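# An overview of the molecular structure
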Amino acid sequence: MKTNRRIFLGGVSAAAVLSTSGRTFAQKKYDEGATDKEIKIGHTNPYSGPASSYGVIGKCEEAYWKSVNERGGINGRMVKFITMDDGYNPAKTVEVVRQMVEQDRVLCLFNTLGTPTNSAIHRYMNQKKVPQLYVSTGASKWGKYKEFPWTMGFQPDYHTEAVIYAKHILATVKDPKIGVLMQNDDYGKDYWEGFKEGLGKDVNKVVKHVTYETTDPTVDSQIIQLKDAGANVFFNIAIPKFAAQAIRKVADIGWKPIQYLNNVSSSVASTLKPAGLENSQGMITALYLMDPTDKQWNDNAEMKVWRDWMNKHMPGANQDDGNYIFAYAVSTLMEETLKRCGDTLTHENLMKQATSFKKFRVPLLLPGITVSTSPTDYYPIQSVRLARFKGETWELFGDVMSAEGS
Amino acid sequence: MAASSKKWVLGVIVLAVLVPLLQPVFPDVVSNYRLFLISTMIIAAIAVLGLNLLTGFNGQFSLGHGAFYAVGAYTAAILMDKLNVPYWATIPAAAIVCFIVGYLFGLPALKLEGHYLALATFALALAVPQILKYKWLEGLTGGVQGIVLMKPEVPFGLPLSEDQWLYYFCLLVMIVLFWGAANMLNSRSGRAMMAIRDQYMAADTMGIDTALYKTVTFGISAAYTGIAGALSACAIAFVAPDSFGIFLSIKFLIGLVVGGIGSLFGSVLGGIFYVLVDNSAQSLTQFIRNDLGLPFDLSAYTVFGVLLIAIIYLMPMGIAGGLYMAYRKLRGARA
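Residues numbered from 1 in each chain as written. Chains lettered and ligands numbered in written order. Predicted model: local features only at pLDDT ≥ 70, side-chain atom pairs only at ≥ 80, totals over all residues.

## Points about the overall build of chain B
This is how the line gets drawn: Where helices and strands are cited, they refer to DSSP runs of H or I of at least four residues and of E of at least two residues respectively, numbered from the N terminus. In this description the radius of gyration comes from C-alpha coordinates, and the expected globular size is given by 2.2 Å times residues to the power 0.38. Exposure in this text rests on C-beta crowding, where 20 or more other C-beta atoms within 10 Å of a residue's own make it buried, 12 or fewer make it exposed, and counts in between make it partly exposed. The C-beta atoms are placed from the backbone. Each residue gets a C-beta atom placed from its backbone, and two residues are in contact if those atoms lie within 7 Å.
Helix and strand counts for chain B stand at 14 helices and two strands. By the compact-globule yardstick of 20 Å for 335 residues, chain B fits well, its C-alpha radius of gyration being 21 Å. Along the longest, intermediate and shortest principal axes, the C-alpha atoms of chain B span 65 × 60 × 50 Å. Residues counted as buried form 47% of the 335 residues belonging to chain B. Contacts in chain B between residues at least 24 apart in sequence constitute 75% of all its contacts with a sequence separation of at least 6.

## Details of the overall build of chain A
From N to C terminus, chain A includes twelve helices and 13 strands. Compactness check: chain A gives a C-alpha radius of gyration of 24 Å against a globular reference of 22 Å for 406 residues, within 12% of the reference. The principal-axis extent of the C-alpha atoms belonging to chain A is close to 95 × 40 × 40 Å. Here chain A, with 406 residues, has 49% of them falling under the buried criterion. Restricting to contacts in chain A with at least 6 residues of sequence separation, those with at least 24 account for 70%.

## With respect to the interface of chain B and chain A
As a reminder of what qualifies: In this classification, Asp, Glu, Lys and Arg are treated as charged, Ala, Val, Leu, Ile, Met, Phe, Trp, Tyr, Cys and Pro as nonpolar, and every other residue, Gly included, as polar.
Listed as interface residues are 20 residues of chain B and, on the opposing side, 20 residues of chain A. Those elements giving two or more residues to the side of chain B that touches chain A turn out to be α2 (32-58), α10 (210-236) and α13 (300-314) of chain B. Classifying every residue of the side of chain B that touches chain A by side-chain character gives nine nonpolar, ten polar and one charged.

## Side note on the packing of helix α4 (residues 87-109) of chain B against α10 of chain B
Residue and element names in this part refer to chain B. In plain terms, the rule: Helix axes are fitted only over the stretch in contact, all axes being lines through C-alpha atoms; the angle between N-to-C directions runs from 0 to 180 degrees. It is the rotation of the near helix from the far one that decides the hand of a crossing: anticlockwise by less than a right angle makes it left-handed, clockwise makes it right-handed.
Viewed as axis vectors pointing N to C, α4 and α10 meet at an angle of 145°, and their least axial separation amounts to 6 Å. As for how α4 packs across α10, the hand of that crossing is right-handed. Within the contact of α4 with α10, the residues separate by chemical class into 20 nonpolar, nine polar and one charged.

## Here we look at the confidence of the model for chain B
Stated precisely, the cut-off is as follows: For every residue, the predictor assigns a confidence score, pLDDT, that lies between 0 and 100.
Put simply, chain B has an average pLDDT of 87, and 96% of its residues get 70 or more. Taken over the whole predicted complex, pTM reads 0.83, whereas the ipTM for its chain interfaces reads 0.83.

## Remarks on the domain arrangement of chain A
Residue and element names in this part refer to chain A. Test applied: Where each domain begins and ends is defined by an automated method or by a domain database.
For chain A, the assigned domains are domain 1 (30-155 + 300-375) and domain 2 (158-287 + 386-402). Tallying the contact residues gives nine residues for domain 1 and eight residues for domain 2. Among the residues making up the side of domain 1 that touches domain 2, the classes are represented as three nonpolar, five polar and one charged.

## Digging into the confidence of the model for chain A
Averaged over all residues, the pLDDT of chain A equals 88, while 93% of them reach at least 70. For residues 1-24 of chain A, every residue scores under 50 in pLDDT, and the model assigns this stretch zero contacts once sequence neighbours within four places are set aside.

## What to know about the nonpolar core
Applicable threshold: The nonpolar core is taken to be a set of buried Ala, Val, Leu, Ile, Met, Phe, Trp, Tyr and Cys residues joined by way of C-beta atoms within 7 Å.
Ranked by internal contacts, the top residues of the largest apolar core, which has 216 residues, are A329 of chain A together with A45, I46, L49, C98 and I227 of chain B. A per-element tally of this core places α2 of chain B first, with 17 residues. When residues of this core are sorted by domain, at least three fall in each of domain 1 (30-155 + 300-375) and domain 2 (158-287 + 386-402) of chain A. Residues within four places of A45 of chain B in sequence aside, it is in contact with M174, S267, V268, G270, G271 and I272 of chain B.

## Remarks on the sheet that holds strand β4 (residues 108-110) of chain A
All names here are of chain A. Condition: Two strands qualify as a pair provided that DSSP identifies no fewer than 2 bridges between them.
Taken in spatial order, the four strands line up as β3-β2-β4-β5 in an open sheet, and their pairing is parallel. This sheet does not close on itself; its edge strands, each paired only once, are β3 (78-85) and β5 (132-133). Bridge count between strand β2 (residues 38-45) and β3: eight bridges; the pairing is parallel. Residue pairing across strands places K40 opposite K80, the latter belonging to β3.

Structure follows, in structure tokens:
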């Protein structure tokens, strides 16, 4: 009984102190996954299997949170970053995500990678009301705030990007005859749908549309078909390996269309160098992140910070790999989101903070591009800048562009 | 089956039925996630049993059972998605579809033996995910995007969670399938199947219609694995071609060899093994790296591989065979 009374008294005096200090201290409030000392966030990535080249994103993010903890954590709390291999298998993603949500009890998921893998957990996360933040896929379906209020994307979606190309073609090319090369999967189709939407009633300007499978050895015959169809504009929806093949083939057969290259393959080192820089002149793409292999950023302050960070925390990593830029940028946004939550680390507050960015500058985004969200806008980065390849780098031109109405 | 082993089986079943009911008492131990994990083990066990019927009891090899698993899963998913068929009715439907597919595949497979059959089935497993993405089928299969499904709801207002119900449903299907397999193997047909495995020519000479038995076994085996696929579609509530890569088929084979070829009990162990070890290998590597702080950056598959080699070396007959040998040695020592 004595101890009980002592605790009671202590409680009363503490309450008195708190009430006199008024409301200067916000009350600490936690959901599962956060305490006074720790914040647990979960992540999935294909460290094994066919998509394991993305594994570097997970490794970089792991190093990022480690560096955050070395700096003292977020508002004094250490971040426990739990990352699991799903081998790009959606069935496995469900299994490991359930483990993280129900056994490890993470506060949220962060940057889970892949379109099919995220689709598999989309409904589950929203049923559980656990935030699924800044997913690592460019599909356009991650911003449906009405049906899926707990899921949010990060990068500009493929759909929006393609709309921008279509509008640019219509505005600048006289009498366009468009040839499209497309990878036959969800990523390719997302671009294709957006492109058609952007063309609107001018969709008949596409004179030929050809596809390839990732298992194809080359895309030579597809390129010849496009040329033979009489196209004078070439829209290249391919991953780096095939985009490079296509660009080379276009030059080899003496075809001189105006070329649009999707952002996925905008890396100078992995697409344009193999394709031949001389073959890539004048090509147009849309960018939102800085390319580490593009020399124009060598003296950029943010790029320098990034290089120092990479040298210190990821020694030996290949700094030409744009995945590290992506991982770093998205992690800084997550850090900021958690910081803004203060001592109210609840699922609800996390979504509230994630949906109230106003022109927030994330390092390594292109100058002029910022993150804006709202309770009815679940697409953090919606703008890109068009760039034309000249010499050895991308030359930005025009204003920051966004798709209308999205 | 001996009376003593019958008692054992009954005991295990009773235990399996009672465990989820302990959830209110030990909510952390018997969590929904763990029940879900056991459900995936049950599903894996059924798939391995399907392969075992073919390889273990009939002597035909398959490196492509992932294909039948995919067909079963997609049959269930399409029926639920397009025709609003209740989930329980998709199980027999998947069985029938997969039986037909398996039987048809078994016909040309008659001409192929040993390694050649293994290669043909391997090709099947490679082809199926691609076929699912094919343009003409896209309307049905949803292409690369796959199909999102609803989880089975608890019927009759039973006071169970979704995961508890799923567990009971899988358990029930497994018991029925294992009971069916045990009876079949004990019958004249089962003996014919095994005779073909042990001495093909002798079986043929004795008047067994080897072609018929081999193709029907292929069909039944595919049906079992297809049922497992349909259950997985219910459990995961999502199907996409990426779920059915070639590694799935390899995993079934690993489950089969590790559990015990030609043993029903071994199929259960095989199913448990591959879910459990796959998961714990990952946790183990994380534990070594993060909690012990050792600088070993082992991938989970390294741990998986080392475990696999150790088991095959120590128990060449699989876990079931190893346990049986150990049991016999112990009894021998006592006598």
